[in-house]
Amino acid sequence: MKRREYRNLFILLMITLLGSSLIYIPFVIKQIPYEFVTIDTREENFAFYNELMQLLEVFRKTGSLPFYSWSDFLGTNFFVSKMWYIMTDIPIVICAWFKIFFWDALIITTIFKMILASFSMYLLLGMFTFKERTRMIGAFLFAFSAGMIYYSVYPIFLFSYSLMPLYLFALEKHLQEKKPILFCIMTFFMATVSFYYFFTVSFFLPIYYIYRYYLLRSDFRDFIKETIQTVGYYLIGVCLAGVILYPVILYLLQSSRIGHPGINFLFDDIRVYITELAAFFLPMNLFQPIAYPFNTNNYPTREIFLWAGSVTTLLLPQALILPEKKQKKANQIFLLTEFLFLICPLLLSAMHGFSDVSFRGMILFLIVNLIMTCTIIENLSELNQCFLNGISIIAMAISAFLVPFSCYLFNYSLRNNTESWGWGIIYALVYLVAFLLLKKRKLNWVYVLCFFEMTVFPIFSHQYLKDGSYRHSYQFMKDATHVLQDEPGELKKVLDQIEPVNSTQYYRVYIPQESIYWSMGLNSAFYYQINGLTTYDSIYEPSLTALVERVPDIIRGSGWYLDIHQPHLMNFLNVKYAIVTSIEELPEEMNWRLITDNFRGFLSIYRNDKYRPLATSFSRVSILDDNTSFLDNISDVIYCEDIDFDIIKTAITNENFSLENIKYESNQLTGTIESQKGGFLVFGLPYNEGWNIKINGISVTKYKVNEAFIGLIVPSGNVFLEMYFTPQGLKQGAIFSAFGFFGLILVLYNSKFKKKKPKKQKKSDI
């Protein structure tokens, strides 16, 4: 790398650092948590990050890997279920290891990822022989594009986005220089960073591959051969990630969110198409808090990431009329493909794992849009002025009149939409300035305009447009999360002092979230290891899906809000205490007894005298059907599948016994049982294939009972029970990774061998 290029990278670093710091550092200075477009950051990432810190602390002390969370909703495979959210976001994991407060960690990692995005894009553009100045502006535009700014509040998406140009850079190295090693490694890295988004990336990759293959090769004679090789390199990378991917795939195949039948070829709501039009001409993702008259109620349809500055919008159409015919044809086909994805929800669903319709993958198309734009910037002297005039007029007209037109079309009051109209008019003026600068070829001033609009507008939208109800201070967040205890585990110590036997038991605590945690949400129990009954989480233990379907009242508002408050189910789930602000908050039909009414000065602790230990023997068994009074008998009857009925019926006895002397931490639980006859033990833990259960050192069969929980046949006598958790598929995934590593070694050896092997002279050269 030349000294000049190092200097350019340093300048790019400084510009990106300055711009991102201006946007995000004020949140640190003001001590205000950064929640730009959603409360999901607080509900999910904040809670998962704090739980990860606890799991990493256990790892430091005991060496136990962060596989299982007892604090997650009823107990969960944390390693797999939180893989998308936080487990493979390397910058976030590093911050968690050093115990950096989440909201500071979010800002630090966001700025880092934007710098990484700019560097990645700079490297990618270098494969197209652009001048350094063009590469810098393209890199900056990507780092501050609508998708990057919007998803700065979603750490895992931002990490994937920031690395995507580097992935395409690796593919270019393979296509242009026959160097596949980096492509294998980046495939592994992209698959590891975000399994959720990797499917979208993999769906997009063939589109990009064919586009670039057509431009780089003179014909398609070797297309099949080269494509098979490329697929092989891709599979090596996927296999390398097997230890991560395979357990996740097994987990997701059980999820009710996979598959979304009945999606049409076109959107029924015309507002989606108007939103798409706005998303290309306006930075509406930056102004998300503003209500537009064409907004739909379905938020994924507003996540359309096509905007990367006014200059991109004005110059991209020039790619359709380039003088070079092959380039023009390739651009036209690619942009037509992009258009088809925009209008067809079925294609968007396929790109999103055949699940809900989502525009999140459109940022991948934006990368190619920027490459095309850089081609135009590189040849600005050849700009088609008439075409520029027409596009500029269209851009200004859409910006200024789209809101009034939408109000007219949908019969809304323009007076109630003056804010969104005002921003449209302002942006029409931005287009006017951009047009005049491009017309006069004032490239340096174009760069100044890009920096201005890509930083000033996000600064304003982040700092002044956000609804004030979300602007809690750091102190508020700390007060809310510390309302029950000052340090993690402190509540358990208090309860253990009240009843010393608690130290040998597993129990859950009922907490009315709204009154205790104010507006902090349903996942607050993570950080404090309370073992609660509520969650806001789009992915919970798959076995619980059957329970949720059987007892739909668990769902509050949407499938992501789960709140267990049914008395019989609470008894079955080992609820021993309730912490409330008043007696009215206690669930009815339970045996509550007041322990203290002055906990932390204003809270009451009640004990459930019908407490069922974590695992107890049951003496009745039945096959569950639609006519069964499931909830009424869940603490007395074993409900099982047909195939297990005879085995369980033979095993049950009339003796009552339970699991005692329980110790649990990280990935294991132990306890003892004393019985004369033995019988069948039912746990209040969600069923998961990852549990390996041993009785007196011998592995035993576990059964899924009562829709979602673990059941076990126990012999008579003194029994020592051990449970060890390893994510299902982890060992098989490790084998895939070993095969991938072996494949990578072969590719590396083959590449070195080809370099050393002299080329044979062709007969035509003799």
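This text gives an overview of the structure that appears in the document. Please read all numbers here as calculations on a predicted model, not as lab measurements.

**Focus on the nonpolar core**
Then comes step 1: Membership of the largest hydrophobic core comes to 223 residues, with the highest contact counts inside it found for Met164, Leu484, Phe683 and Leu721.
Then comes step 2: Leaving out residues up to four positions away in the same chain, Phe683 has contacts with Phe572, Arg612, Leu614, Ala615, Leu659, Phe709, Ile710, Leu712, Leu721 and Met723.
Then comes step 3: By size, the runner-up hydrophobic cluster in this structure holds 41 residues, among which are Leu74, Leu573, Ala578 and Val682.

**Focus on the packing of aromatic side chains**
Then comes step 1: Under the definition given, this model contains 62 aromatic pairs.
Then comes step 2: Here the aromatic rings of Phe198 and Tyr234 are separated by 5.9 Å at their centres, their planes lie at 10°, and the arrangement is stacked. Of this pair, Phe198 sits in helix H11 (residues 195-216) while Tyr234 sits in helix H12 (residues 223-240); the two residues are 36 residues apart in sequence, bridging distant segments of the chain.
Then comes step 3: Since its relative accessible area comes to 6%, Phe198 is described here as buried.
Then comes step 4: Following the ring pairs from residue to residue traces out a cluster consisting of Tyr150, Tyr151, Tyr154, Phe157, Tyr161, Tyr197 and Phe305.
Then comes step 5: Note that Arg135 overlies the ring of Tyr122, its terminal NZ or CZ placed 3.8 Å from the centroid.
Then comes step 6: Its guanidinium or amino end placed over the ring of Tyr214, Lys326 lies 5.2 Å from that ring's centre, counting from NZ or CZ.

**Concerning H11**
One full turn of an α-helix is made of 3.6 residues, so residues set three or four places apart face in the same direction.
Then comes step 1: Here H11 spans 30 Å end to end across 22 residues, near enough to the 32 Å set by a 1.5 Å rise per residue.
Then comes step 2: Of all the bends in H11, the largest measures some 25° and sits at Phe204, one to four residues before the proline Pro206.
Then comes step 3: Two to three positions downstream of the cap, the backbone nitrogen of Tyr197 sits 3.1 Å from a side-chain oxygen, assigning the N-cap of H11 to Ser194.

**Points about the pairing of strand S8 (residues 592-599)**
Then comes step 1: One ladder, built from five bridges, connects S8 with strand S9 (residues 603-608); its direction is antiparallel. Residue Trp592 lies in a different strand from S9, and its bridge partner there is Asn608.
Then comes step 2: Connecting S8 to the antiparallel partner S9 that follows it, the hairpin turn spans three residues, and Arg600 within it adopts a positive phi of roughly 55°.

**What about the sheet that holds S9?**
In a beta sheet, neighbouring strands are held together by backbone hydrogen bonds and run either parallel or antiparallel to one another.
Then comes step 1: Strand order in the open sheet formed by four strands is S3-S7-S9-S8, and the pairing between neighbours is mixed. Of all strands in the sheet, those bounded by a partner on one side alone are strand S3 (508-510) and S8. The mean angle between the axes of side-by-side strands here comes to 25°, regardless of whether they run parallel or antiparallel.
Then comes step 2: Sheet strands in contact with helix H23 (residues 490-498) are S3, strand S7 (575-580), S8 and S9, and its direction is about 120° off that of S8.

Cut-offs applied
- Residues numbered from 1 in each chain as written.
- Predicted model: local features only at pLDDT ≥ 70, side-chain atom pairs only at ≥ 80, totals over all residues.
- Heavy atoms only, no water.
- Core = buried A, V, L, I, M, F, W, Y, C linked by side-chain atoms within 4.5 Å.
- Buried < 20%, exposed > 50% of the residue type's maximum accessible area, 1.4 Å probe, protein only.
- Contact = heavy atoms within 4.5 Å.
- Phe/Tyr/Trp six-rings, centres within 6.5 Å; stacked < 30°, edge-to-face > 60°.
- Helix = DSSP H or I, 4+ residues; strand = E, 2+ residues; numbered from the N terminus.
- Lys NZ or Arg CZ within 6 Å of the ring centre and 35° of its normal.
- Expected span 1.5 Å × (residues − 1).
- Bend = angle between axes of the 7 residues up to and from the residue.
- Polar contact = N/O pair within 3.5 Å; in protein donor to acceptor, adjacent residues only side chain to side chain.
- Pairing = 2+ DSSP bridges.
- Axes fitted to C-alpha atoms, helices over the stretch in contact; angles between N-to-C directions.

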